[in-house]
Amino acid sequence: MTKTTSPADIGVPGGCGCPAEGAESADRRGITRRGLLAAAGLAGAATALDLTPGRRYAFAAGAPVGDTLLCVFLRGGMDGLSAVPPIGDPGYAARRPTIAVSESEALRLDRTFGFHPRMAPLKEVWDRKDLAVIVAAGDPDGTRSHFEAEDAMERGVAGGDSVFTGWIDRHFTSRAEGQPPFPSVAIGYRLPTSFRGPAQDIVMRSASDFRLNVPEASEARVERALGDLHSGFTSSSGTQAKETLRAIRLLASRRGVTYEPANGATYPASEFGRALQEIAQLIKARVGLEAATLDLNGWDMHSAMGTPDSGLMADHLEDFAGGLGAFYTDLGPLMATTTVVTMSEFGRTVAENGSNGTDHGHGNVMFAMGGGIRGGKIYGQWPTLEKAELDKQGDLRATTDYRDVLAEIVRQRMRNGRLSEVFPRYRPRALGFAEPR
Amino acid sequence: MSEPVTGAPVVGRRQVLQVAGAAAVVATGRTALAAPAPAPAGVARAKGLPLSRDPALHVARRLTFGPTPKLLARIRELGMSRWVEEQLDPDSIDDRTTDLYAAVPSVGDAPHVPFVRFDLGSLEAARSRTVIRQLFSEKQLYEVMVEFWANHFSIYGNHVLAGSYRNEDDLTVARPHALGSFRAMLHASARSPSMLFYLDQWLSDGKNPNENYARELLELHTLGVDGGYSEKDMSQAALALTGWTVDTGRGTFLYRPQSHYVGPLRVLGWRSANSTPQGGLEVGASLLDYLARHASTARFVATKLCRRFVSDRPPASLVASTAKVYLASDTAIKPVLRHIFASRAFRDSVGLKYRRPMELVGYSVRALGFEPRPQLAYDKARTLNNHLETLGQAPFNWPPPDGYPDVAEDWLSTAANLARWNFLQQLSRGQIGGLGAPDYAALVGTPAPATAGDLVDRLVSRLTFQQVAAAHRAALLRYLELSAEAKVDANAVRTHAPALAALILSSPYVGVR
């Protein structure tokens, strides 16, 4: 296993996170690698930016230090062997009699790997070389408890490590530039564990209706009274109440704003599609958003996965790939300064169980998407599905620590070199999929 | 004014970090149970908030969905321990009014054959009964415990197969056993079609076991993730339970010998020769007995109960002594509860818990003096359940099997806060379907208040059962843009009370308990 033994060899020049590089970096914003702007179908992107007067400048925005990060957590243990089937691995199809993606169904990536047919929208991004696939990734010593694994990964630590804060929070607290111009945003209801800690954050369903449900005439008085009632003592709930009032004011200018995706992007009519549009909107409004998270649930498919043609897995992958594909199209040139990373708590058993499903496994696939990603390539070491190469429980190993993937993005795209603070007691290895910004 | 909350130096989530830096040793999250690290005693504690330490009020805040004047009078009349005993004997309590309103039939038009169609009536009946009883039942501690166990053996009601049987699960697992024996409840849960569908156990067979149920049985229902078992123990447990399935024609538990794995088994200290297909029912039952009586289960269940009733991070000594009582009483639940309620840690825990959404709704509906009405029964409490969904804690609506979290930080977010405030605005204005409007004239009493200060004081006292800090009283008057001495007329209650009530219920005197 290749865990922490290798030295920290991630020091790719130009991505050291030195504050002095900030100005240079700002100049590069909007400049795209490989002529993203000129790419077919994206040429009209600039016209669709949110240029409504009074909207763009409504926030006390500053320029982001690095890329805007969108972290998508696939909850339940996504079956990476369905999303990116190793069609060229002789150990694959035989162990999955009803659920395997066949060579003819797969969208071929290279000699070993393909995409599930419903991943077609992401195949286009792969072909544009803006999507990297990291195989056999995960926590090398991983637990198979959903709850433990999700918690550890969002904190950015090994399972037993007792660190209170989340890795995204530590990115902001450790870097020289400090807090982002705009709070980190999670679409949903709960504060994601990755945001836990002192950096500011907003959790919301939608920016356009984030307001108190009171008559407009009394709104200011109600807000003031709520603030007063949560003053004079210290507690986490009191602090949270004040942050909520701050968020209401911060988002006041987004009220009733409707949204038209650009470049003909069509988001799936799902919670995930809606949440992605919320993020796309904020990015286009140039408020200074630097980190966002959202969840896509429902991957714990112990039974009734269906076939590559139809059923639970096909539907989920369609939502996933269709959503991220639309996000990519919608953002157009802004993808040059946006990085999306996906993660899941663990992969699933190589062998199908007796219920047309799979149980909790180990190694999994991660995706990184963006203009700053050296895509169209598979990263990580594929240990193969040969019996001798599997882990103790007979599952795919995790040969790349998930923190290697996150750390490379933090260093190269978010311009923070203080990785030992973001990922305490871990020395990440460079994978090379992210260009220095 | 009551004396201020004092005690161990406790700080908020954000302060913790400033004190301890990045290496702060507070593991949290939905897996807080798994956290091995020591932690401050109560992240939720509001330092400097003058929360009343009146023992009767403390008991009412923690052991019920919310105090009412009648409930507080009863606690004072009986004294705490006799009141607890009364609550621990729910059959002795007359609850006919609630029974009437909570009796929503399971529609009756859907046969319990899951493949025909999803029986929404079953889920609706369970949700309606749950909410109406939580709000209005006289058996408050019983309802608190029913919710606790329903959450311990959590099943997502919208699961396409499990949902059709969610009502039956409620009637056969949590409700009959909430104050009985944990061991009996575990057996009932392991035979509940809803659970067997939810965690795929119905599909498991000896040739090709499905591990979903066995894993959660060990991790979430009994030993806990730190309970000392291995992956091997887990897969052995899965084999032990093969054959435990559902008769899908009848919708009842079925043991199917031909699906049972045969051969020696071992889970921690439990062994079975497991030599015949016919013996699998007994083998599984003996494993459940072993798990229910295991020291790790005792610790796990004790931790969760102490977390519910005492603090988010209960003292280790209380957890240990509670686990002992659990084992000594052969998993009986009542002695365990008596032990926790009589503890010094419980007595001293004022202000250490945050009110989760369901508990906030319960508190507010009860404090505002709502009574069950026919409209609520017609509505089957759907409107309230929809609001609870927005608030993030509708009954049986948590998708993963670990149940709603029970520590404050899992409920603190801008989205959660805004949803709470907006619900309270609607509730106070009488805009929640099925409930009607609060009778503010009755709440503030007669004669009607003559000054703004009097109006504020009476509403505060009626809705928080205590007085609040002078600055907070001033904040409410400032909202009215009136001085305390300002004269108010008879219309003032109608004009001002709804908005004031929403603010008072949004205040930390309700949110923190």
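Draft legend 1. The arrangement of the overall build of chain B in detail. Each helix and strand counted, chain B has 26 helices and four strands in total. Looking at chain B as a whole, 64% of its 513 residues qualify as buried. Sequence-distant contacts, at least 24 apart, represent 74% of the contacts inside chain B between residues at least 6 apart. For chain B, the exposed area adds up to about 17,800 Å²; of that, 55% sits on carbon and sulfur atoms.

Draft legend 2. Quick look at unusual backbone geometry. Between threonine 446 of chain B and the following residue, proline 447 of chain B, the backbone shows a cis peptide bond with an omega angle of -10 degrees. Tracing the sequence through the fold places proline 447 of chain B in the loop between helix H22 (440–444) and helix H23 (452–464). Phi at asparagine 263 of chain A takes a positive value of approximately 60 degrees, unusual for a residue other than glycine. With phi around 45 degrees, asparagine 274 of chain B is a residue other than glycine that occupies positive phi space. Examined against the element boundaries, asparagine 274 of chain B turns out to sit in the loop between strand S4 (270–272) and helix H13 (280–292). When its relative accessible area of 3% is taken as the criterion, asparagine 274 of chain B is described as buried.

Draft legend 3. Molecular detail of the interface of chain A and chain B. Opposite the 66 residues of chain A that make contact, chain B presents 76 residues. Taken together, the connections running from chain A to chain B amount to two salt bridges. Between aspartate 228 of chain A and arginine 478 of chain B there is a salt bridge, with the nearest N and O atoms lying 3.0 Å from each other. Run the count over chain A and chain B and you get 24 residue pairs in polar contact (both at pLDDT 80 or more). Listed by contribution, the elements that provide at least two residues to the side of chain A that touches chain B are helix H4 (146–155), strand S6 (201–204), helix H6 (219–229) and helix H7 (236–250) of chain A. In terms of residue class, the side of chain A that touches chain B is built from 23 nonpolar, 26 polar and 17 charged.

Draft legend 4. Highlighting the packing of helix H24 (residues 470–480) of chain B against helix H25 (residues 492–505) of chain B. All names here are of chain B. Close contact between H24 and H25 brings their axes to 11 Å; oriented N to C, the two are set at 145 degrees. Remark: the crossing between H24 and H25 carries right-handed chirality. Of H25, the residues touching H24 (which contributes Leu476, Tyr479 and Leu480) are His496, Ala499, Leu500, Leu503 and Ile504. When its residues are assigned to classes, the contact of H24 with H25 shows seven nonpolar, one polar and no charged.

Draft legend 5. Highlighting the nonpolar core. Within the largest apolar cluster, 239 residues are counted, with the highest numbers of intra-cluster contacts made by Phe320 and Phe327 of chain A together with Met145 and Trp149 of chain B. Of all hydrophobic cores here, the second largest spans 37 residues; its members include Ile168, Ala186, Ala199 and Leu406 of chain A.

Draft legend 6. Spotlight on the pairing of strand S1 (residues 244–247) of chain B. All names here are of chain B. As judged from the four bridges shared by S1 and strand S2 (residues 252–255), these two strands associate in the antiparallel manner. Within S2, the residue paired with tryptophan 244 across the bridge is tyrosine 255. Connecting the antiparallel pair S1 and S2 is a turn made up of four residues, with glycine 251 showing a positive phi of about 75 degrees.

Draft legend 7. Seen up close, the side chain of lysine 353 of chain B. Residues and elements named next belong to chain B. Within the secondary structure, lysine 353 is located in the loop between helix H17 (344–347) and helix H18 (357–367). Here aspartate 312 takes part through its side chain, which lies 2.9 Å from a polar atom of the side chain of lysine 353. Here aspartate 406 takes part through its backbone oxygen, which lies 2.8 Å from a polar atom of the side chain of lysine 353.

Draft legend 8. Quick look at the confidence of the model for chain B. Residues and elements named next belong to chain B. Of the residues in chain B, 88% reach a pLDDT of 70 or more, and the chain-wide mean stands at 89. For the stretch residues 1–43, pLDDT sits under 50, and the model shows 115 contacts to residues farther than four places along the chain or on other chains. Contacts for the low-pLDDT stretch residues 106–111, under 50 throughout, to residues beyond four places or in other chains number nine contacts. Across the assembled chains, the prediction reports ipTM 0.89 with pTM 0.86.

Draft legend 9. Main features of the packing of aromatic side chains. Per the counting criterion, the structure on display carries 18 aromatic pairs over all chains. Plain terms: the ring middles of phenylalanine 320 of chain A and phenylalanine 367 of chain A are 5.7 Å apart, the flat faces sit at 45 degrees to each other, and that makes the pair tilted. Here phenylalanine 367 of chain A lies in strand S9 (residues 364–370) and phenylalanine 320 of chain A lies in helix H9 (residues 312–331), a separation of 47 residues in the sequence. One exposure class covers both phenylalanine 320 of chain A and phenylalanine 367 of chain A, and it is buried. For the ring pair tyrosine 404 of chain B and tryptophan 411 of chain B, a centre distance of 6.0 Å and an interplane angle of 40 degrees mean the geometry is tilted. For tryptophan 411 of chain B, a relative accessible area of 1% translates into the label buried. Counting every residue linked through ring pairs, the aromatic cluster contains Phe115, Trp126, Trp299, Phe320 and Phe367 of chain A. Between arginine 75 of chain A and the ring centre of phenylalanine 73 of chain A, over which it is positioned, the NZ or CZ distance is 4.3 Å.

Draft legend 10. Looking closely at the pattern of salt bridges. All names here are of chain B. Under the criterion given, the structure shown has 59 salt bridges over all chains. Here arginine 356 and aspartate 406 are joined by a salt bridge, their closest N and O atoms 3.6 Å apart. With arginine 356 in the loop between H17 and H18 and aspartate 406 in the loop between helix H20 (382–391) and helix H21 (414–428), this pair connects stretches of sequence that are 50 residues apart. You can call arginine 356 buried: its relative accessible area is 2%. Exposure remark for aspartate 406: the relative accessible area of 15% places this residue in the buried category. Between glutamate 359 and arginine 513 there is a salt bridge, and its shortest N-O distance comes to 3.0 Å. Here glutamate 359 is found in helix H18, whereas its partner arginine 513 is found in the segment after helix H26 (508–511), with 154 residues between them in sequence. With a relative accessible area of 3%, arginine 513 lands in the buried category.

Draft legend 11. Highlighting H24 of chain B. Inspection of H24 of chain B places His472, Ala475, Leu476, Leu477, Tyr479 and Leu480 of chain B among the buried residues, and these make up the whole buried set. Of the surrounding secondary structure, the elements contacted by the buried residues of H24 of chain B are H6 of chain A together with H23, H25 and H26 of chain B. Glutamate 481 of chain B occupies a position one or two residues after H24 of chain B and carries a positive phi of about 60 degrees.

Draft legend 12. Structural context of the packing of H18 of chain B against H21 of chain B. Residues and elements named next belong to chain B. At their nearest, the axes of H18 and H21 sit 11 Å apart, and the two run at 20 degrees to each other. On the basis of their axis angle, the class for H18 and H21 is roughly parallel. Crossing of H18 over H21 shows right-handed handedness. Facing H18, whose interface residues are Pro357, Leu360, Val361, Ser364 and Val365, H21 presents Arg420, Phe423, Leu424 and Leu427. Of the residues belonging to the contact of H18 with H21, the class tally is seven nonpolar, one polar and one charged.

Draft legend 13. Spotlight on the environment of alanine 137 of chain A. All names here are of chain A. Its place among the elements puts alanine 137 in strand S4 (residues 131–138). For the pair alanine 137 and phenylalanine 346, spaced 209 residues apart in the sequence, the C-alpha separation amounts to 8.7 Å. If sequence neighbours within four positions are ignored, alanine 137 has contacts with Gly363, Asn364, Met366, Ala398 and Thr400.

Draft legend 14. Region of interest: the environment of serine 344 of chain A. Residue and element names in this part refer to chain A. As for its position among the elements, serine 344 is in strand S8 (residues 338–344). We classify serine 344 as buried; its relative accessible area is 5%. Serine 344 sits 271 residues away from phenylalanine 73 along the chain, and the two C-alpha atoms are 5.7 Å apart. Not counting the four nearest positions on each side in its chain, serine 344 is found in contact with Phe73, Leu74, Gly77, Met78, Met153 and Asn364. Here leucine 74 takes part through its backbone oxygen, which lies 2.6 Å from a polar atom of the side chain of serine 344.

Rules used in this analysis
- Residues numbered from 1 in each chain as written.
- Chains lettered and ligands numbered in written order.
- Predicted model: local features only at pLDDT ≥ 70, side-chain atom pairs only at ≥ 80, totals over all residues.
- Heavy atoms only, no water.
- Helix = DSSP H or I, 4+ residues; strand = E, 2+ residues; numbered from the N terminus.
- Buried < 20%, exposed > 50% of the residue type's maximum accessible area, 1.4 Å probe, protein only.
- Contact = heavy atoms within 4.5 Å.
- Areas by Shrake-Rupley, 256 points an atom, 1.4 Å probe, with all protein chains shown as cover.
- Salt bridge = Lys/Arg side-chain N within 4 Å of Asp/Glu carboxyl O.
- Polar contact = N/O pair within 3.5 Å; in protein donor to acceptor, adjacent residues only side chain to side chain.
- Nonpolar A, V, L, I, M, F, W, Y, C, P; charged D, E, K, R; others polar.
- Axes fitted to C-alpha atoms, helices over the stretch in contact; angles between N-to-C directions.
- Left-handed = near helix turned anticlockwise from the far one by under 90°.
- Core = buried A, V, L, I, M, F, W, Y, C linked by side-chain atoms within 4.5 Å.
- Pairing = 2+ DSSP bridges.
- pLDDT = per-residue confidence, 0-100.
- Phe/Tyr/Trp six-rings, centres within 6.5 Å; stacked < 30°, edge-to-face > 60°.
- Lys NZ or Arg CZ within 6 Å of the ring centre and 35° of its normal.
- Parallel < 35°, antiparallel > 145°, perpendicular 65-115°, else oblique.

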